[in-house]
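# Secondary and tertiary structure notes
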Amino acid sequence: MPLPFFDFINKKINIDSLTNASARKLAALVNSNLLDDVEFIQCMTNEEHSVEAIIVDIHVPIGQKKTINDIRLLERVAITFEQRVCVPAAYPLREDFPFHLPHVNVVPGRSPRSLCLSSQPEEDQLRSYTAISFLSQIRWWFEESAYAKLHGEEQPLDPVFHASAHQFIASEKINEAEYLIGIRNSPHENAPIILSPMSEEVYSKTAGQIGLMTPIYVKTGPVKHGQINWLPLNLLDLIKIYEELGCNLLEKITSRLIELLKLKFHDRLFEQPLVIMVETEIKSDDGRSLVQRKIYVAMISAGDVADKLGVVANEGGNWARLIGGCQASEATLSSIKLATADLHNHFTRNIAAVSSGYDCIDKRNIVLIGAGAIGSHVSMNLARGGVGIWHVIDNDFFLPHNQARIQLDPEALGAAKADELALKINRLFQNPDAAKPHVEILKTTKPSDDVKNSFDNADAIIDASASVPVARCLAHDIKCDAPVASMFMNPTGSDAVLLSEAFDRSVKIDCVEMHYYWVISSNPDLKGHLQAGDKPLPIGGCRSPSAQISEPRVALNSALLAGRWLKDGLLKTPQITIWRGQEEFGDVSCYNEVVPKYAEVDMGDWTVKFNYTIVQQAEFLRQKSAPKETGGIIAGSWDRQRNIIYLVGIYDPPPNSTHSATGFERGSVGVHKTIKELHQSTLGNLTYVGEWHSHPPGVKASPSTDDRKLLKWIGDILEHSEAPGMMLIAGEDGLRVILRDEGEDHETVIKK
Amino acid sequence: MTQLTFYNLGNADCCRINFHDDQRMLIDYADMKNYDDDDDNRSKLPDLLWEDLDELETDSYRVVAFSHLDTDHIKGSSDFFYYDHAEKYQKGKRAKIETMWVPAAAITETGIEGDAWAIRAEARYRLKKGKGIVVFSRPEKLKSWLEDNGLTIEDRANCIVDAGQLVPGFSLGGDQVEFFAHSPHAHRSDDNVVEDRNGDSLVFQARFEEDSQKTDVLFTSDVTHEELGEIVDITRKYGNDDRLHWNVYALPHHCSYKAINDDKGNEKTTPTEQIKWLCEEQGESLGYIVSTSEPIPGKGTDEDKNVQPPHRQAANYYREDVVEKDRFLVTMSRPNALNPKPVVIKIGSTGAKFLSAGSVTIAAAASTMAPRAGDK
C-alpha cells in the first residue's frame, strides 16, 4: 500500500490562495456549474507550499455490465500541481483503491501513486493540455479500468520504467547460465548499452572502450502482475521488494558476483559499474504470462558492490573470494544507490509482428526469385513485420548503380545480391536461419538440389525477377505446390503489377500473365501502361540497359505490392492487381480483376491453353446472331519454346462482315487497327492467332468444307509466325478447337 | 456509435437514436422553443437535427415514430418533415421519413388539425400505399378504416404490428437493434370507445446489442400507471418479462406521479405493485432514468404546487428507490438548469453510459493515448 496522500499534502487552503495558474483554472472549472460529473471538495498544499492540490469527486460513467475491477461510481481524486510547468498528476484517494491495476505510475519508495493517464511525453501532453481534457482523461481512465479495457493485451503486464537515464538492449535468448558484458555501439554518453554473452573474443574487442558495464543475470520465481510497483532507490529497497514476493535476491546477487571470479578477465569486470538484470515471470489474472526483465544500475563498480557485500576483496590489486566475511548491514545495502533502466529486447519476429500491427507471426517459407529493386524492397518490407522464412534466389551481383534502388548497404558492393539480402534479413533478427541465399539463375539451368528443396518446402513463391522466362519456368518446370505471385513495375516505373495464382494453382502464372495482357489491352484506363520509358540507362553497353526509375517510385510500388500480397494471403481465385501512379506522386489508382478459369487441351505437338470465358462468349454471340452465323478474330500468343498456344479473347465481328444462315464472311473494317493496338498495348505479347465463327442453331460445330478452306487461309497468314493456325467454331455441341500444324488438323470439342 | 439524444424541450419529447451504422431514428418531434424569447433555454430542435443530418450528408431518417398526436410530441413537425401526401409539405429543406411509426389512433382519430392533421394525412396516405409505415395496433382496430378505403387487414398485414410482437424492419443480428411493441395493446384497443391518446400511444422496448451485451431502453410516451400496469400484466402473462427489462427508462409523461400511482404522496409517490416490479425488478440500479421535463421542483416552490409534471414526489421515488441518484437525468437540468443541454446516452459493449457535459472531449482524451507510429 502506498502511504496516504495526506501524509504529504496536508494543509487546507482556499481557492483564492492557489498560486499555480493551471490549478486556478481547474479549480474555477470544477466550481462552475458547467460540469455535472465533477464535484469540488477542497484545495490543499504541503508545508512548503511547493505543491497545490485540488480534491474532487469524479462521477464514473460505469455501464450496467458488471465491472471487472473495483472502480466505483464516485471516485475521489487529488489533482496536484507543482510549481514548475508540468502536467498535473491525479492521485486516487480511496483507501482500498486497487493500486495494483496497470497504468498506475511506479514511484520511488512508498510514495502515493498517481494514475498513468498518457503514454505521451510530457512536452507533447503540455501542448494539448486543458483542464477539461485532463478531467476527461481521469474519467476515461476510471471508465476503461473498470472493465479492464485500459490495458491492452499487447502491452506489458507491469509498468515500464520511464524517464530512465540508461537504456539497455538484450536478446530474449540470453539465459541465467551466461556471463554477460555491457557494451556501447556509440561513443555518446546516453547511447544504449547492449548486453551480450561474454566470450574472450567479445571481451578482447572491447579493450579500451569506455562505458563498459558488468551485468549479472538473476532469475526469480513467478509473480502475479501488479506487485512490482515501487522504484528501488538502493540495493536495500530492491532486496526488500523481492523479499516481499518471496525471493532472496541478495543471495542470488552475491553468488553471481562470486562466480565472476572464475572468469579470466574478472579484474576488469570488477572495475566496471554493476548492472543487475532481474528476470521475473509475471502472471496476469486472465492466465497470461510474460517474462519481464528489469535493469538496476549500481552507481559503483561490481567490485565495490561485492566488497560491500563482504564476499570479495581486493588485495594488492588482485580480487579474491572473502571467506567468512560479515553480512552487509541494512545501512551498507542502502548506501549502494541504484538507478532503474528499461530493457529493450532484440528485434524478434514477435516484436516485428506486434510493431506492424499484425495479428500473428507469419513464418511461411517464402521463395523469392530476384533480389533486385522490387525483390529487396518487398522482402525487407515483409521481413520487418516478421513475415517469412526467406529463400532468396538470384545469380546477379551488387554493382554501384544498384545502390540507387536496391535495399543493400554499400559494404555489399561486388557481392552476390542473394547472399547480401539473406544476410541483411538474418541480421535483422540476429538469426542465421531467417533467410537462405541461392546464388543461381532459375530460367536456363536446372535448379540445384538446394533450390529444389526450397521449392519443395515453400508455402509461397514471390517472383520479383521481372523476367517472363522465370515466370514460365515457375509455371512449367519447377515442381512446387505453393502459389506464385509475380511482382514487377511497368517500364516507366509509374505502375506496379501483382499477378497472383490461387492457393490451388488451378490457373498457373503463365495464364495469369496472359490474362494481364488481355486486361491492359481492353481497359481504357490502363492505356499506355506498357509504354516504354524514353530514357534508358546504359549500364554495360547498349544491350544491357537499366531503366531510370527513382527510389521513391520503387519504394512506393514495393510497399503496395508487399502490403497487398500480405493482405491477400491465400487467394481462392487468381487475380491481377495493377496500381497506376502519377508522375507527380499524386493519386494512385488500383485495378483488380479476377482471372477466369483457363482450360488446357493437347493437340498434336501443341498445348492450347484458353480463357474459358471464350466458350461462353462465343455461345452468347452465336445465340445473339441466330439464325445467322457470326464470328471474328482471336487474340492470343504462342510460346514457341514450349509449344503452347494461349487463346485469351475473341472480338466481335467487324461491321462489314457478311452474316447468313449458312455462312459468315468476316469483314475487314477495324481489324488492322485492332491488331495494331493489341500489339502496342501489350508490347507484342498478344497478337492475332486465328479466327472464330458460329454455326446456326441446331448445327454442330463440325467444320464444313468452307471452314477447312478458312483454316488453310489462317495457316497461310501465320506461316511466317512459325505457329499453327487456329480456328474456333461455336456450334450446338460446344466450341470446337481446330489446330492446323504442318498440314495436319487436330480437333477437339469443348462442351458448353 | 450507438447513442440516444434526449433534447431539452421543456415538458416535451424528441429522442434521436443513432444506430451503429449511422442511420438515424426519431421518437417524437416537438419544437417547443419560443424563438422570440431570448431567455428560452430549450433546444433549437430543427437546427440541431439538421446539423446532425448535414454532417451525415443525408436528409432522411430511417424511422420517425410519433408516439401520439399531442402537441408536446409533434409540434412543428409539419414544418420539418417532408410528407409524400401533399406538395405543401415538400417545399424547402425538409427531412424525409423512410418509415413512419404511429399508433392506430393516428389513422382513425377525427377532429384534429395542424401538425396532427398532417401526420394523420401522411399516415393514411402511406397505409393506403402499403409502404413506409408501421401502425402499432390490433389489426381489427383498423379493419373498418381499411374497408372504407377498399382494403383488408390481409392487404396491409405487413404494415401493422400488434402488441407483443417485434416491429418489422429491424433484427438484432443484422441491425444490432430490435423493437418490441407493448402498446397500444389489446385491452385498450379492443375496449376503447373514446380515443384515448395517452393510453393509445406507442410504448416499446428497444434492445441494442454490441459484443453480446444487450442494452434495453424502454420508451413509454405519456402512459399512466394504469396502462403500464396492464402492459406489465399482459407481458408477464405471456412470459415476456425480459421485454420490460431496461437499462434506460424514458419516463412516461415528463415525470408525472400518475405513471407511478394515483396518489402523489407527500414526499414520495408509492408505486403500484406493477410499477414497483417494472422499476425495481426490471430496471438496472446502475441504469438511467430520463425525464424529458422541466427541472424537478424544490419542495414548497410554486412549481411544486403546480398540478402539471414534473412532480417532485415522483422524482424522489425514481432517484431514491430505483436508480442511483445521479443517474436520474432531467433534460432541462443537465448540466444545469440555466443552460441545459441535450442528454446523451452512449450504448456500447458495457451497457448504457451517460455522456456528461465534460465528456465532449473524451475522444480527444482517448486519442492522446495512442502511441506514435514509427521507429521511436
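Residues numbered from 1 in each chain as written. Chains lettered and ligands numbered in written order. Predicted model: local features only at pLDDT ≥ 70, side-chain atom pairs only at ≥ 80, totals over all residues. Heavy atoms only, no water.

### Overview of the overall build of chain A
Helix and strand content of chain A: 19 helices and 37 strands. Burial statistics for chain A: of 752 residues in total, 53% are counted as buried. A total of about 34,600 Å² of accessible surface is found on chain A, and carbon and sulfur atoms cover 51% of it. (Helix = DSSP H or I, 4+ residues; strand = E, 2+ residues; numbered from the N terminus. Buried < 20%, exposed > 50% of the residue type's maximum accessible area, 1.4 Å probe, protein only. Areas by Shrake-Rupley, 256 points an atom, 1.4 Å probe, with all protein chains shown as cover.)

### Some words on the overall build of chain B
Looking only at helices and strands, chain B features 13 helices and 15 strands. Going through the 376 residues of chain B one by one, you find that 58% of them count as buried. Residue pairs at least 24 apart in sequence account for 66% of intrachain contacts in chain B once pairs closer than 6 positions are excluded. For chain B, the accessible surface area stands at approximately 15,500 Å², while carbon and sulfur atoms represent 44% of it. (Contact = heavy atoms within 4.5 Å.)

### Some remarks on the environment of Asp394(A)
Residue and element names in this part refer to chain A. If you trace the backbone, Asp 394 turns up in the loop between strand E19 (389-393) and helix H12 (417-429). In sequence terms Asp 394 and Ala 418 are 24 residues apart; their C-alpha atoms lie 5.3 Å from each other. Polar side-chain contacts of Asp 394 include one of 2.7 Å to the backbone nitrogen of Asp 396. (Polar contact = N/O pair within 3.5 Å; in protein donor to acceptor, adjacent residues only side chain to side chain.)

### Quick word on the pairing of strand E9 (residues 203-210) of chain B
Residue and element names in this part refer to chain B. Within E9, 6 of the 8 residues are buried, leaving the element largely enclosed by the surrounding structure. The pairing of E9 with strand E10 (residues 213-219) spans 7 bridges and is antiparallel. Residue Gln 205 lies in a different strand from E10, and its bridge partner there is Leu 218. (Pairing = 2+ DSSP bridges.)

### Overview of the sheet that holds strand E1 (residues 2-6) of chain B
Each strand in a sheet pairs with its neighbour through backbone hydrogen bonds, running either in the same direction (parallel) or in the opposite one (antiparallel). Residue and element names in this part refer to chain B. Here 9 strands make up an open sheet; going across it, the order is E7-E6-E5-E4-E3-E2-E1-E14-E15 and the pairing mixed. The open sheet is flanked by strand E7 (160-161) and strand E15 (351-355), the only strands paired with a single partner. For E1 and strand E2 (residues 15-18), the ladder comprises 4 bridges, and the chain directions are antiparallel. Among the inter-strand pairings, Gln 3 is bridged to a residue of E2, identified as Asn 18. Packing of helix H5 (residues 114-129) onto the sheet brings it into contact with strand E5 (96-103) and strand E6 (133-136), and relative to E5 it is tilted by some 100 degrees. (Axes fitted to C-alpha atoms, helices over the stretch in contact; angles between N-to-C directions.)

### Some remarks on the sheet that holds strand E5 (residues 89-92) of chain A
Residue and element names in this part refer to chain A. Ordered by their spatial adjacency, 5 strands build an open sheet running E1-E2-E3-E4-E5, and the pairing between neighbours is antiparallel. A single partner strand is all that each edge strand has here, and the edge strands are strand E1 (11-13) and E5. Each neighbouring strand pair of the sheet contributes to a mean axis angle of 35 degrees, computed without reference to strand direction. Sheet topology places strand E2 (residues 38-45) next to strand E3 (residues 51-59); 7 bridges connect them, and they run antiparallel. The partner of Cys 43 across the bridge, within E3, is Ile 54.

### Comments concerning the pattern of salt bridges
A complete count under the given rule lists 59 salt bridges over all chains for this structure. With a shortest N-O distance of 2.8 Å, Arg736(A) and Glu747(A) are connected by a salt bridge. Here Arg736(A) is found in strand E36 (residues 734-741), whereas its partner Glu747(A) is found in strand E37 (residues 744-750), with 11 residues between them in sequence. Relative accessible area serves as the criterion here: at 13%, Arg736(A) is assigned to the buried category. Between Asp40(B) and Arg42(B) there is a salt bridge whose closest N-O contact spans 2.7 Å. By relative accessible area, which is 9% here, Asp40(B) ends up buried. (Salt bridge = Lys/Arg side-chain N within 4 Å of Asp/Glu carboxyl O.)

### Digging into the interface of chain B and chain A
Size of an interface, as often reported, equals the accessible area lost when the parts are brought together. In this assembly, 33 residues from chain B lie in contact with 29 residues from chain A. At the boundary of chain B with chain A, total buried surface from both sides reaches about 2,600 Å², with 50% on carbon and sulfur atoms. Connecting chain B to chain A are 3 salt bridges. Residues Asp36(A) and Arg334(B) are paired through a salt bridge, measuring 3.2 Å at the closest nitrogen-oxygen approach. Only E10, strand E12 (283-291), E15 and helix H13 (362-367) of chain B provide two or more residues apiece to the side of chain B that touches chain A. Tallied by class, residues from the side of chain B that touches chain A come to 11 nonpolar, 13 polar and 9 charged. (Buried area = accessible area lost by both parts, 1.4 Å probe. Nonpolar A, V, L, I, M, F, W, Y, C, P; charged D, E, K, R; others polar.)

### What to know about the nonpolar core
The nonpolar side chains of a soluble globular protein tend to be buried with one another. Within the largest apolar cluster, 44 residues are counted, with the highest numbers of intra-cluster contacts made by Leu235(A), Leu249(A), Ile253(A), Leu257(A), Ile276(A) and Leu309(A). Mapped by element, the contributors of at least two residues to this core are strand E8 (180-184), strand E10 (214-219), helix H5 (235-244), helix H6 (249-260), helix H7 (266-271), strand E13 (273-283), strand E14 (289-301) and helix H8 (302-308) of chain A. With 43 residues, the next largest nonpolar core counts Trp50(B), Val64(B), Phe66(B) and Ala106(B) among its residues. (Core = buried A, V, L, I, M, F, W, Y, C linked by side-chain atoms within 4.5 Å.)

### Concerning the confidence of the model for chain A
Overall, the predicted model of chain A reaches an average pLDDT of 87, with 94% of residues at or above 70. Confidence drops under pLDDT 50 across residues 536-545 of chain A; counting only partners more than four residues distant or on other chains, this segment forms 11 contacts. (pLDDT = per-residue confidence, 0-100.)

### Quick notes on the packing of aromatic side chains
Under the definition given, this model contains 36 aromatic pairs over all chains. A ring pair is formed by Phe97(A) and Phe99(A), whose centres lie 5.3 Å apart and whose planes are at 65 degrees; its orientation type is edge-to-face. Residue classification places Phe97(A) among the buried residues on the basis of a relative accessible area of 3%. Geometrically, the ring pair formed by Tyr83(B) and Tyr89(B) is edge-to-face, given 5.4 Å between the ring centres and 65 degrees between the ring planes. The ring of Tyr179(A) has Arg256(A) sitting right over it, with the charged end atom 5.6 Å from the ring centre. Taking NZ or CZ as reference, Lys597(A) lies 4.7 Å from the ring centre of Tyr612(A), over its face. (Phe/Tyr/Trp six-rings, centres within 6.5 Å; stacked < 30°, edge-to-face > 60°. Lys NZ or Arg CZ within 6 Å of the ring centre and 35° of its normal.)

### What about unusual backbone geometry?
The general pattern is negative phi for most residues beyond glycine and trans for most peptide bonds. Of note, the amide linkage connecting Ser183(B) to Pro184(B) takes the cis form, showing an omega dihedral of 5 degrees. Between Pro309(B) and the following residue, Pro310(B), the backbone shows a cis peptide bond with an omega angle of 5 degrees. Even without being glycine, Gln430(A) reaches a positive phi, approximately 50 degrees. Examined against the element boundaries, Gln430(A) turns out to sit in the loop between H12 and strand E20 (435-438). Positioned with a positive phi, Asp28(B) is a non-glycine residue whose angle comes to about 70 degrees. Here Asp28(B) lies in the loop between strand E3 (24-27) and helix H1 (45-56). The buried category is assigned to Asp28(B), whose relative accessible area is 2%.

### Here's the deal with the side chain of Asn402(A)
Here Asn402(A) is to be found in the loop between E19 and H12. Those residues within four positions of Asn402(A) in sequence are excluded, and the remaining contacts are Phe397(A) and Lys417(A).

### Considerations on the pairing of strand E8 (residues 177-183) of chain B
All names here are of chain B. A large share of E8 lies buried, amounting to 7 of its 7 residues. Note: E8 against E9, 6 bridges, orientation antiparallel. When the sheet's bridge partners are listed, Ala 181 is paired in E9 with Phe 204.

### Details of the confidence of the model for chain B
Low-confidence regions, as indicated by low pLDDT, have predicted coordinates that should not be scrutinised in detail. Residues and elements named next belong to chain B. Put simply, chain B has an average pLDDT of 90, and 91% of its residues get 70 or more. Scored below 50 in pLDDT, residues 188-197 shows 23 contacts in the model against residues more than four places distant or in partner chains. Ignoring residues within four places in sequence, the model shows residues 360-376, a span with pLDDT below 50, making 21 contacts including any to other chains. Here the predicted complex carries an ipTM of 0.77, next to a pTM of 0.64.

### Section: helix H3 (residues 131-146) of chain A
Across its 16 residues, H3(A) extends 23 Å between first and last C-alpha, which sits within 8% of the 22 Å expected from 1.5 Å per residue. Extensive coverage of H3(A) is indicated by the burial of 15 of its 16 residues. (Expected span 1.5 Å × (residues − 1).)

### Digging into the packing of helix H9 (residues 225-237) of chain B against helix H10 (residues 273-281) of chain B
A pair of packed helices is characterised by two quantities: the angle between their axes and the separation of those axes. All names here are of chain B. Running from N to C, H9 and H10 point in directions that differ by 70 degrees, and their axes come no closer than 9 Å. It follows that H9 is roughly perpendicular to H10 by the angle criterion. Residues His 225, Leu 228, Gly 229, Val 232, Asp 233 and Arg 236 of H9 lie in contact with H10, whose contacting residues are Gln 274, Ile 275, Trp 277 and Leu 278. Tallied by class, the residues present in the contact of H9 with H10 amount to 5 nonpolar, 3 polar and 2 charged. (Parallel < 35°, antiparallel > 145°, perpendicular 65-115°, else oblique.)

### Things to note about the environment of Ala328(A)
Residues and elements named next belong to chain A. With respect to the element layout, Ala 328 can be found in the loop between strand E16 (318-321) and helix H9 (330-335). For the pair Ala 328 and Leu 250, spaced 78 residues apart in sequence, the C-alpha to C-alpha distance is 9.9 Å. Apart from residues lying up to four places away in sequence, Ala 328 is in contact with Lys 308, Leu 309 and Leu 333.

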